[in-house]
Amino acid sequence: MSLLEFDGVDKYYGETHVLKDIDLDIEAQEVCVVIGPSGSGKSTLLRCANRLEEIQNGEIRLDGQSLSAPNADINYLRQQVGMVFQSFNLFPHKTALENITLAPTKVRGVKKKQAQQRAHDLLADVGLDAQADSYPNQLSGGQQQRVAIARALAMDPKVMLFDEVTSALDPELVGEVLGVMRDLAEGGMTMMVVTHEMDFAREVGDRIILMADGHIVEDAPPEKFFNDPDSERAKTFLSKML
Amino acid sequence: MAESYSGESTSERVDESVLNDRTLKWIGVAISSLFTLGIFALVGYIIATKVNFELLQTIFPRFVDAYLLVLRIFLMGSVLSVVAGVFVGFGRVSSTFPTGAVARGYVEFFRGTPLLFQIIVIYFGIPALWSGTFPIQDWEIPAAIIALTLNHAAYVGEAIRGGIGAVPEGQMEAARSLGMSYTQGMREVVLPQAWRNALAAIGNDQVILIKDTSLLTVIAVPEIISVFRSVNSATFDPWTPIVLTAVAYLGITLPLGFVVRYLEDRSDWGGDSQ
Ligand SMILES: Nc1ncnc2c1ncn2[C@@H]1O[C@H](COP(=O)(O)OP(=O)(O)OP(=O)(O)O)[C@@H](O)[C@H]1O
Ligand SMILES: [Mg+2]
């Protein structure tokens, strides 16, 4: 049993068939980088993995428990899947610290003191303990995204999902966010990462998945993916990327 | 340096020196100074020549009573219309069938007919539905509060709907992705932001509510305009009661402005630097 399993997943938006019979198993501690052209279904794949979108066929399982079953305890399961968004989505009316403590205290019933203690530790991990009392609009994009990562980590997720988390950042701020993700990967976090940062994919990814038209068309370790991919789609994609 | 405001045609930018920033600024200063001087002169003239200070002292207690009555009606109507407006706003954003449609119909009716008409319906219409004597004594005050509440709940509801609509979808998604329920996401994340977004519009509406109490003169509520009319018809002196009328209304609207600004500052969340 793998940690996160997609089993024959189909996703439609109305008539549009966006994910087509996706089979994908992600092992614990694996970093799976998802790349592919715009509209190929990368975001949808991630959003289905914490049920921000419903799937129409197949099953998604986390640690053997179905995420997609109609009777799944979705609020419980979502706590185990952290998600970081391209647009940060920090809560603007809460300080960095409060952004992080909100879910643990409200959802888990963690004591306030304890949640704050943990939040300070997490902020220190992402290099932002000095900004604990800042509001999001007092932080740079890179700082906001690091707080968003800390916020997701505060629920002790088993898997972290990253959807183009550096795409909205000024180039000089990309590095600090990728650095935090690299630390996480080295710490053994299981991750699915949609990104256009090919250096990051190559260095941090254990496995690269190329999506096209709702299919997974290539699935290989970085070494093989970048040097000797099997599919024609991967070859043309790489020739355009590099 | 100097921007030309005669922006019709660039070939004719002869006169940059006339309508530049500085000239405009000085025109503004001149006009507003003249205006202020004029107003002070007029008010001074009126107070010196048209206001009867003996009468002013005599009628002052009646204006105090009217002021306190309007203040009470406003406070009741304000609290009730904001609370009811929150429900109307929730109804307006609801996607379940009857709720959304009912809220919509409510808003269309109360914004689509004059408040004066609504006051008349409640004050005259409702007691006429009873076969015997209507059980509520001094119905004009409860009727006034009910009419103002129902009417302004529609406007507050629309303000709240707009406030909720202006919260980006990603906020609820982020809350849900952390394991919060829909209700928790609404309460902890969406509504505080919606409230902030709606505050200015709600504040404007509540100022209008204060001024709308003047309509209650038609159902014989002894509010500020009623007192003005009674003094004026007894003495034929317009300016003495006019001065007190203005002071009485501003004595409610100006403090309300401070309250709204305080609430806005309190939800500033680190400023709007981004
Ligand atoms: N809410 C939606 N309603 C309808 N169609 C949608 C919706 N979201 C996405 N789609 C469609 O689904 C397809 C896959 O979208 P998705 O966002 O997953 O692509 P992506 O690979 O993440 O692209 P990008 O690189 O541009 O982010 C696209 O054709 C898109 O138009
Ligand atoms: Mg996407």
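On a predicted model such as this, the values are computed, not experimentally measured, just so you know. (Residues numbered from 1 in each chain as written. Chains lettered and ligands numbered in written order. Predicted model: local features only at pLDDT ≥ 70, side-chain atom pairs only at ≥ 80, totals over all residues. Heavy atoms only, no water.)

**Topic: the overall build of chain B**
Here is step 1 of the chain: Along its length, chain B carries nine helices and zero strands.
Here is step 2 of the chain: Listed by position from the N terminus, the elements making up chain B come as α-α-α-α-α-α-α-α-α.
Here is step 3 of the chain: Rg of the C-alpha trace for chain B: 25 Å, well past the compact-globule value of 19 Å for 274 residues, more than 25% over.
Here is step 4 of the chain: By its C-alpha atoms, chain B is 75 × 70 × 35 Å across when sized along the principal axes.
Here is step 5 of the chain: The long-range fraction of contacts in chain B, counting pairs at least 24 apart against all pairs at least 6 apart in sequence, stands at 74%.
Here is step 6 of the chain: Surface exposure of chain B reaches about 15,800 Å², of which carbon and sulfur atoms provide 67%. (Helix = DSSP H or I, 4+ residues; strand = E, 2+ residues; numbered from the N terminus. Rg over C-alpha atoms; globule rule 2.2 N^0.38 Å. Contact = heavy atoms within 4.5 Å. Areas by Shrake-Rupley, 256 points an atom, 1.4 Å probe, with all protein chains shown as cover.)

**Quick word on the pairing of strand β1 (residues 4-13) of chain A**
On a regular strand, one side chain projects to one face of the sheet and the next to the other, so that they alternate.
All names here are of chain A.
Here is step 1 of the chain: Burial analysis of β1 places seven of its 10 residues in the buried class, the great majority of the element.
Here is step 2 of the chain: Bridge count between β1 and strand β2 (residues 16-26): seven bridges; the pairing is antiparallel. Residue pairing in the sheet places F6 in a bridge with L24 of β2.
Here is step 3 of the chain: The turn linking β1 back onto β2 is made up of two residues, and G14 within it adopts a positive phi angle of 60°.
Here is step 4 of the chain: Two elements, β1 and strand β4 (residues 57-62), share five bridges in a ladder whose sense is antiparallel. Opposite E5, over in β4, you have R61 as the bridge partner. (Buried < 20%, exposed > 50% of the residue type's maximum accessible area, 1.4 Å probe, protein only. Pairing = 2+ DSSP bridges.)

**With respect to the site of ligand 1**
Residue and element names in this part refer to chain A.
Here is step 1 of the chain: The local shell around ligand 1 consists of Y13, V18, P37, S38, G39, S40, G41, K42, S43, T44 and E164.
Here is step 2 of the chain: One nitrogen or oxygen atom from the main chain of S40 is found 3.2 Å from an oxygen atom belonging to ligand 1.
Here is step 3 of the chain: Contact distances for ligand 1 include 2.4 Å between an oxygen atom and a side-chain N or O atom of T44.
Here is step 4 of the chain: In isolation ligand 1 offers 630 Å² of accessible surface; the protein chains occlude 58% of this area.
Here is step 5 of the chain: Considered class by class, the residues forming the shell around ligand 1 number three nonpolar, six polar and two charged. (Near = heavy atom within 4 Å. Polar contact = N/O pair within 3.5 Å; in protein donor to acceptor, adjacent residues only side chain to side chain. Nonpolar A, V, L, I, M, F, W, Y, C, P; charged D, E, K, R; others polar.)

**Brief notes about the domain arrangement of chain B**
Residue and element names in this part refer to chain B.
Here is step 1 of the chain: In terms of domains, chain B is made up of domain 1 (1-49) and domain 2 (50-267).
Here is step 2 of the chain: Using only C-alpha atoms to locate each centre, domain 1 and domain 2 end up separated by 37 Å.
Here is step 3 of the chain: Each partner contributes to the interface: domain 1 provides five residues, whereas domain 2 provides four residues.
Here is step 4 of the chain: In total, domain 1 and domain 2 occlude about 420 Å² of area from one another, counting both sides; carbon and sulfur atoms represent 69% of this.
Here is step 5 of the chain: Summed over the three residues of domain 1 that lose the most area to domain 2, namely I46, I47 and T49, the buried surface amounts to 91% of that side.
Here is step 6 of the chain: At the junction of domain 1 with domain 2, the criterion picks out zero salt bridges.
Here is step 7 of the chain: Linking domain 1 with domain 2 are two residue pairs in polar contact (both at pLDDT 80 or more), by the criterion used here. (Domains from an automatic or database assignment. Buried area = accessible area lost by both parts, 1.4 Å probe. Salt bridge = Lys/Arg side-chain N within 4 Å of Asp/Glu carboxyl O.)

**Observations regarding helix α5 (residues 140-165) of chain B**
It helps to recall that an α-helix has 3.6 residues per turn; residues three or four apart then point in one direction.
Here is step 1 of the chain: For α5(B), which comprises 26 residues, the first-to-last C-alpha distance of 37 Å matches the rise-based estimate of 38 Å (1.5 Å per residue) to within 8%.
Here is step 2 of the chain: The largest bend in α5(B) comes to about 25°, at B:A153. (Expected span 1.5 Å × (residues − 1). Bend = angle between axes of the 7 residues up to and from the residue.)

**Some points on the UniProt feature "domain: ABC transmembrane type-1" (unreviewed entry) in chain B**
Here is step 1 of the chain: UniProt feature "domain: ABC transmembrane type-1" (unreviewed entry): in the numbering of this structure it lies at residues 67-260 of chain B.
Here is step 2 of the chain: Along residues 67-260 of chain B, the helical share is 79% and the strand share 0%, with 20 Å between the first and last C-alpha atoms. (UniProt positions renumbered as here; feature names shortened; annotations may be inferred.)

**Here we look at the sheet that holds β2(A)**
Strand pairing within a sheet occurs via backbone hydrogen bonds; the two strands may be parallel or antiparallel.
Residue and element names in this part refer to chain A.
Here is step 1 of the chain: Reading across from one edge, β2-β1-β4-β5 is the order of the four strands in this open sheet, with antiparallel pairing throughout. The sheet is open, and its two borders are formed by β2 and β5 (65-66), each paired with just one other strand.
Here is step 2 of the chain: Pairing of β4 with β5, which is carried by two bridges, proceeds in the antiparallel orientation. What sits directly across from R61, in β5, is S66.
Here is step 3 of the chain: The strands touched by helix α1 (residues 42-49) within the sheet are β1, β2 and β4, with β2 carrying the most contacts at an inclination of about 65°. (Axes fitted to C-alpha atoms, helices over the stretch in contact; angles between N-to-C directions.)

**Quick notes on the pattern of salt bridges**
Here is step 1 of the chain: The tally for this structure, following the rule as stated, stands at 21 salt bridges over all chains.
Here is step 2 of the chain: Here A:E53 ties to A:K11 by a salt bridge, and the two come within 3.9 Å at their closest N and O atoms. Note that A:E53 is positioned in the loop between α1 and β4 and A:K11 in strand β1, a separation of 42 residues in sequence. A single burial state applies to A:E53 and to A:K11, both of which are buried.
Here is step 3 of the chain: Between A:R47 and B:E173 there is a salt bridge whose closest N-O contact spans 2.6 Å. Remark: B:E173 occurs in helix α6 (residues 169-177) and A:R47 occurs in helix α1; the pair is interchain, linking two chains.

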